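# Close look at the chain arrangement
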Amino acid sequence: MNRNGNLMKKMNLQLFGQTFDPDNVTMYEQKDGTIPQKYTELILKEIMNGSQIMKLAKYEEMDGKEKEFEYFAKGPGAYWVGEGEKIRTSKPQWMKVKMVAKKLGVIVPCSREFLHYKMSDFFEKMKPKIAEEFYKKFDEAAILNLDNPFPQSVDESVAEAGNVISGGITYDNILALEDLLNDEDYDVNAFISTKKNRSTLRNVHRIENGVIVESLYDRGANTIDGQPVADLKSLEKGNLYAGDFDYMYYGIPFGMSYKIDESAQLSTIVNEDDSPVNLFEQELAALRVTMDVAFMIVKDEAFAKIEKEGEVIGDDILSIPAQGATLYGKKVSSLIGNDVKVYKDGSVVGTLKHVTGYTQFNDSNPEEQEDISSHSSLRKQEQR
């Protein structure tokens, strides 16, 4: 009896245990499911090659939506030891964090003729478009904080740390950007820029007596001060990020799932006349692909940014008094520098001088005037 049972099991395995082969199945026959491993790996490879975050950050292996892991925050110390003395010991400092994956989806319209393709041919053709949509969306969220499901982004980190320099991309500002991180013992190991900045970067020089003595940008290698530049297409011209990317992590816990539909009306994609795309009416199909991806920054202070110089408010709306004018009983030159500018976004850049022993700003609270001048949110260019 047992022998017969074993024989039947063996026969079933031989006759009916067929291996799924994407070369033998058309998309009409398999309109939803999990993308075969081979094509998942090819799409992921293209995503990783296109994503600036995935090029720069550390990859953390994940086998679920959430993962707790430790990162190296501080190393053990060394000590001078006298003859016969006991050697002191110290432990490396490790910090525990939890990274959570979020679902990312993309919808790619295609001709209904694509559904006659074998699955292998279909995903080979769709691979570049799927990958591009995924890495663009992921980078914009993780770097620029656009439609961001994660608790952090590079742009939020630099704001949280106060590591922002205004005034655009200049030789002095790039050095100041690096100094912000180096002074706190972080290593600048990459920059995030955009190709739109290259014309500016090519003119970032230190000039002495009319002669260029140092250039920070290497056009051929696409490096700034010897460190690689990752170009993000959607970054605005004039903005530049620097960071110690050893403090940034990402993970991909699962494979990719897909579903094809031929009857939906797409709300996020429109025709040339701005009408929504209707798959049934226009004889189209749409491929929806989803993947899970995680992202985390463990040190806000490890990142910094140069902001582009904004548009100055015109004299017809706001005029800054001349340096020789008198304001509140004081010369304007003793209150602010001649470099002060007020931009349309509300930011003020320039030198605000610290005035002491002067109470005419507010007679009822003599201390308030000093607070105004010494704790203003003005960013002093001269400190950079």
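Residues numbered from 1 in each chain as written. Predicted model: local features only at pLDDT ≥ 70, side-chain atom pairs only at ≥ 80, totals over all residues. Heavy atoms only, no water.

A few words now on the packing of helix H2 (residues 37–50) against helix H4 (residues 119–144). Geometrically, a packed helix pair is captured by the angle between its two axes and the distance between the axes. At a closest axis distance of 8 Å, the pairing of H2 and H4 adopts a crossing angle of 35°. Handedness of the crossing formed by H2 with H4: right-handed. Residue-level inspection shows Tyr-39, Leu-42, Ile-43, Glu-46, Ile-47 and Gly-50 of H2 in contact with H4, the latter providing Ser-120, Phe-123, Glu-124, Lys-127, Pro-128, Ile-130, Ala-131, Phe-134, Tyr-135 and Asp-139. (Axes fitted to C-alpha atoms, helices over the stretch in contact; angles between N-to-C directions. Helix = DSSP H or I, 4+ residues; strand = E, 2+ residues; numbered from the N terminus. Left-handed = near helix turned anticlockwise from the far one by under 90°. Contact = heavy atoms within 4.5 Å.)

So, about the pairing of strand E18 (residues 303–306). Here E18 shows two buried faces, one formed by Phe-303 and Lys-305 and the other by Ala-304 and Ile-306. Of the pairings in the sheet, the one linking strand E5 (residues 164–165) to E18 comprises two bridges and is parallel in character. Note on E18: the bridge partner recorded for Val-164 is Lys-305. Pairing of strand E12 (residues 240–243) with E18, which is carried by four bridges, proceeds in the antiparallel orientation. Bridge assignment links Tyr-241 to a residue of E18, and that residue is Lys-305. (Buried < 20%, exposed > 50% of the residue type's maximum accessible area, 1.4 Å probe, protein only. Pairing = 2+ DSSP bridges.)

Pairing is possible between side chains that carry opposite charge, provided their charged atoms lie close to one another. Evaluated as defined, the whole model comprises 15 salt bridges. The residue Lys-127 makes a salt bridge to Glu-46 at a minimum N-O spacing of 4.0 Å. With a gap of 81 residues between them, Lys-127 in helix H4 and Glu-46 in helix H2 connect regions that are remote in the sequence. Relative accessible area serves as the criterion here: at 13%, Lys-127 is assigned to the buried category. Exposure remark for Glu-46: the relative accessible area of 26% places this residue in the partly exposed category. Arg-112 is the salt-bridge partner of Glu-262, the closest N and O atoms lying 2.9 Å from each other. Placement of the pair is Glu-262 in the loop between strand E14 (257–261) and strand E15 (265–270) and Arg-112 in the loop between strand E4 (93–111) and H4, with a sequence separation of 150 residues. (Salt bridge = Lys/Arg side-chain N within 4 Å of Asp/Glu carboxyl O.)

Quick look at the environment of Ala-325 now. Tracing the sequence through the fold places Ala-325 in the loop between E18 and strand E19 (326–327). Once residues within four sequence positions are removed from consideration, Ala-325 is found in contact with Lys-330, Lys-331 and Val-332.

It is worth spelling out the side chain of Gln-152 at this point. By the element assignment, Gln-152 lies in the loop between H4 and helix H5 (154–161). A polar atom in the side chain of Gln-152 sits 2.4 Å from the backbone oxygen of Ile-297. Gln-152 has contacts with Phe-295, Met-296, Ile-297 and Asp-300, leaving out every residue within four places of it along the chain. (Polar contact = N/O pair within 3.5 Å; in protein donor to acceptor, adjacent residues only side chain to side chain.)

All right, on to unusual backbone geometry then. The phi dihedral of Asn-145 falls on the positive side, at around 65°, and the residue is not glycine. For Asn-145, the location among the structural elements is in the loop between H4 and H5. Positioned with a positive phi, Asn-209 is a non-glycine residue whose angle comes to about 55°. One can find Asn-209 in the loop between strand E7 (205–208) and strand E8 (211–215). Under the relative-accessibility criterion, Asn-209 is labelled exposed at 82%.

On to a negative patch on the surface. Together, Glu-156, Glu-160, Asp-179, Asp-183, Glu-184, Asp-185, Asp-187, Asp-246 and Glu-301 give the surface a local cluster of negative charge. Inspection of the secondary structure puts Glu-184 in the loop between helix H6 (171–182) and strand E6 (190–193). We classify Glu-184 as exposed; its relative accessible area is 54%. (Patch = residues over 30% accessible without salt bridge, like charges linked within 9 Å, V, L, I, M, F, W, Y side chains within 5 Å. Areas by Shrake-Rupley, 256 points an atom, 1.4 Å probe, with all protein chains shown as cover. Lys, Arg positive; Asp, Glu negative; His and termini not counted. Charge placed at Lys NZ, Arg CZ, Asp CG, Glu CD.)

In this section: the sheet that holds strand E11 (residues 227–231). In spatial order, the strands read E5-E18-E12-E6-E11-E10-E9; together these seven strands make up an open sheet with mixed pairing. This sheet does not close on itself; its edge strands, each paired only once, are E5 and strand E9 (217–218). Set on the sheet, H5 makes contact with E5, E12 and E18; between it and E18 the angle comes to about 95°.

Tracing the backbone shows Asp-179 in helix H6. Considered as a pair, Asp-179 and Ala-304 are 125 residues apart in the sequence and their alpha carbons are 9.8 Å apart.

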